[in-house]
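# Coordinate analysis (summary)
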Amino acid sequence: ISNALNVTGSTTLAGHLDLNNKMTIDPANDVGAAALTITNTDTDQIALDIDASNINADVIDIAADAVTTANVLDVTADALTTGAILNLVSDSSTTGARALVKIHQDNASAVNASCLHVVQDARQNGSEDENLAAAVFIETSVATGDTALLALSNSNADANGPIMEFLKEAESSAADDDDLGTIKFVGYDSADNDTEYAKILVEASDVTNNDEGGKMT
């Protein structure tokens, strides 16, 4: 198809479609189904492949400003083994300061909105080499790695600095000497074994209401 294709009703394509122009899908308000459904049964082929030559325009632009209680993007991948849900790679040599991923909560009134929430339902039991020793793993392999891998910044013109908080939150289970947080310093020994050389441990020595106490070792 070399001209624009406008689909206003229900259309099913069972074969291959070559489209050399713009395609518009405008379903009726009461269609009762997704505006576009792709069903791929060829298990070793990509279901949706976008090959873009864009330079100064977005490749994918989603405007979902009417969404309230649904998710703008919803992905499940329950059969994963060695694959991943998301793989983002950039091989650009540009040296200017930039971010490959940016999450921006842009409304000052949304005081209870988290920019990122990571939930790990499995207890990690692998080594650092396998990236399984932490729910979030940050890694660098550069030879001159003398800058921070994780930096916290407060750019507000006030007297407050950035805060890092370790939160032990299990209601109705607090007990004396509970561990509240640990910072471990781990490196290889001469036989390339992961070795804990030092750690900072903070405990709740007394959890009595109005008489709480803690200790650091």
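Rules used in this analysis
- Residues numbered from 1 in each chain as written.
- Predicted model: local features only at pLDDT ≥ 70, side-chain atom pairs only at ≥ 80, totals over all residues.
- Heavy atoms only, no water.
- Helix = DSSP H or I, 4+ residues; strand = E, 2+ residues; numbered from the N terminus.
- Buried < 20%, exposed > 50% of the residue type's maximum accessible area, 1.4 Å probe, protein only.
- Contact = heavy atoms within 4.5 Å.
- Pairing = 2+ DSSP bridges.
- Salt bridge = Lys/Arg side-chain N within 4 Å of Asp/Glu carboxyl O.
- Axes fitted to C-alpha atoms, helices over the stretch in contact; angles between N-to-C directions.

## Some thoughts on the overall build of the protein
- Helix and strand counts for the protein stand at 0 helices and 5 strands.
- Listing every helix and strand of the protein by position from the N terminus yields β-β-β-β-β.
- Classification of the 217 residues of the protein by burial places 2% in the buried group.
- Here the contacts in the protein between residues at least 6 apart in sequence split such that 14% fall between residues at least 24 apart.

## Notes on unusual backbone geometry
- Unlike most non-glycine residues, Ser172 shows phi in positive territory, near 60°.
- The residue Asp192 is not glycine, and still its phi comes out positive at about 60°.
- The residue Asp192 is located in the loop between strand S3 (178-188) and strand S4 (194-206) in this model.
- Classification of Asp192 by relative accessible area gives exposed; the value is 54%.

## A few points about the environment of Gly181
- The residue Gly181 is located in strand S3 in this model.
- With a relative accessible area of 17%, Gly181 lands in the buried category.
- Taking the C-alpha atoms as reference points, Gly181 and Leu201, separated by 20 residues in sequence, lie 6.1 Å from one another.
- With residues up to four places along the chain from it excluded, the contact list for Gly181 reads Phe166, Ile200, Leu201 and Val202.

## Some thoughts on the pairing of strand S5 (residues 213-216)
- Note: S4 against S5, 3 bridges, orientation antiparallel. In the strand pairing of S5, Val202 is matched with Met216.
- Adjacent in sequence and paired antiparallel, S4 and S5 are bridged by 6 residues, among which Asn210 carries a positive phi angle near 70°.

## Regarding the side chain of Glu203
- Mapped onto the elements, Glu203 comes out in strand S4.
- Leaving out residues up to four positions away in the same chain, Glu203 has contacts with Asp177, Asp178, Asp179, Leu180, Gly213, Gly214, Lys215 and Thr217.

## Overview of the pattern of salt bridges
- Across all of its chains, the model carries 2 salt bridges by this definition.
- Lys184 is the partner of Glu196 in a salt bridge, and the nearest nitrogen-oxygen pair spans 3.8 Å. Separated by 12 residues along the polypeptide, Glu196 in strand S4 and Lys184 in strand S3 bring together distant segments of the chain.
- Residue Lys184 is classed as exposed on the basis of its relative accessible area, which comes to 53%.

## Focus: the sheet that holds S4
- Spatial strand order, S3-S4-S5: 3 strands in an open sheet with antiparallel pairing. The sheet terminates laterally at S3 and S5, the two strands that pair on one side only. Direction aside, the axes of adjacent strands within the sheet are offset by 15° on average.
- Here S3 pairs with S4 via 10 bridges, running antiparallel. Considered in S4, the bridge of Phe185 is made with Ala198.

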